[in-house]
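Residues per chain, in single letters:
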Amino acid sequence: FARAKKDIATCEKMAEYSLPLINDNDRILTHCNSGALATCGRGTALGAITKAHQAGKNIFVYVDETRPLLQGARLTAWELKKEQVPHALICDSFAAYLMQQKRVDKIFVGADRITRQGDVANKIGTYQIVPGKEDNAYLVNTTTGAAWVLTYRTLPTGREPVAIPYKFIKFS
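This is a predicted model, so every value here is computed, not measured. (Residues numbered from 1 in each chain as written. Predicted model: local features only at pLDDT ≥ 70, side-chain atom pairs only at ≥ 80, totals over all residues. Heavy atoms only, no water.)

Asker: For the overall build of the protein chain, give the residues involved together with the corresponding values.
Answerer: A count of helical and extended segments in the protein chain gives 6 helices and 8 strands. Per-residue burial over the protein chain gives 44% buried out of 172 residues. When the accessible surface of the protein chain is summed, it comes to about 9,900 Å², and 57% of that surface belongs to carbon and sulfur atoms. (Helix = DSSP H or I, 4+ residues; strand = E, 2+ residues; numbered from the N terminus. Buried < 20%, exposed > 50% of the residue type's maximum accessible area, 1.4 Å probe, protein only. Areas by Shrake-Rupley, 256 points an atom, 1.4 Å probe, with all protein chains shown as cover.)

Structure, rendered in structure tokens:
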């Protein structure tokens, strides 16, 4: 119970700290699920987005479907609809096009693991949206929200193997 209370407080602090990073009329891209369904509180990266909406900021969120398990389509889109945050579900490969067309102002993602240096490991598909900002000669501010417990202080950088639990889908 104490751990849950700490997670709730941590999520709330992350949302508060992130509030100044989100401007009125921002178009935000997110990948996977980092909301209330992934935490005990309001969520990490998605918690910041819902907090901005509740604070009256006019924002729009592009939700990557997040293959292969479709966490964005099944979870993030549901949470944003529940919170009445304007959003659109997009296929993962559409994100680079939106950035190239200058229709993304910010990228907010969660993290599965963070190294001591601050390198982030997240769901497959996250890497392709972050380098896309330079490839398209268009700067997009990327913010990662994650709980302290995900930090691997023994790993200096992301060049070393980072243990991420894999879930395989059995197709019949």
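Now, onward.
Asker: Give a description of helix α2 (residues 45-54) that names residues and reports values.
Answerer: Of all the 10 residues making up α2, 8 are buried; the element is thus mostly covered by neighbouring parts of the structure. Buried within α2 are the following residues: A45, L46, G47, A48, I49, T50, K51 and A52. G56 lies just past α2 and shows a positive phi near 95 degrees.

Asker: Go over the side chain of E65 with me, naming the residues and quoting the values.
Answerer: Inspection of the secondary structure puts E65 in the loop between β2 (60-64) and α3 (71-82). Overall, the relative accessible area of 13% leaves E65 in the buried class. Other than its neighbours up to four places away in sequence, E65 contacts L70, Q71, G72, A73, L89, I90, C91 and D92. (Contact = heavy atoms within 4.5 Å.)

Asker: Requested: an account of the pattern of salt bridges, with residues and values cited.
Answerer: According to the stated counting rule, one finds 6 salt bridges in the structure shown. Residue E12 is joined to R42 by a salt bridge in which the shortest nitrogen-to-oxygen separation is 3.1 Å. With a gap of 30 residues between them, E12 in helix α1 (residues 2-18) and R42 in the loop between β1 (27-31) and α2 connect regions that are remote in the sequence. Here E16 makes a salt bridge to K51, at a shortest N to O gap of 2.7 Å. Placement of E16 in helix α1 and of K51 in helix α2 is noted, with a sequence separation of 35 residues between them. Within this structure, E12, E16, R42 and K51 form a network of salt bridges that share partners. (Salt bridge = Lys/Arg side-chain N within 4 Å of Asp/Glu carboxyl O.)

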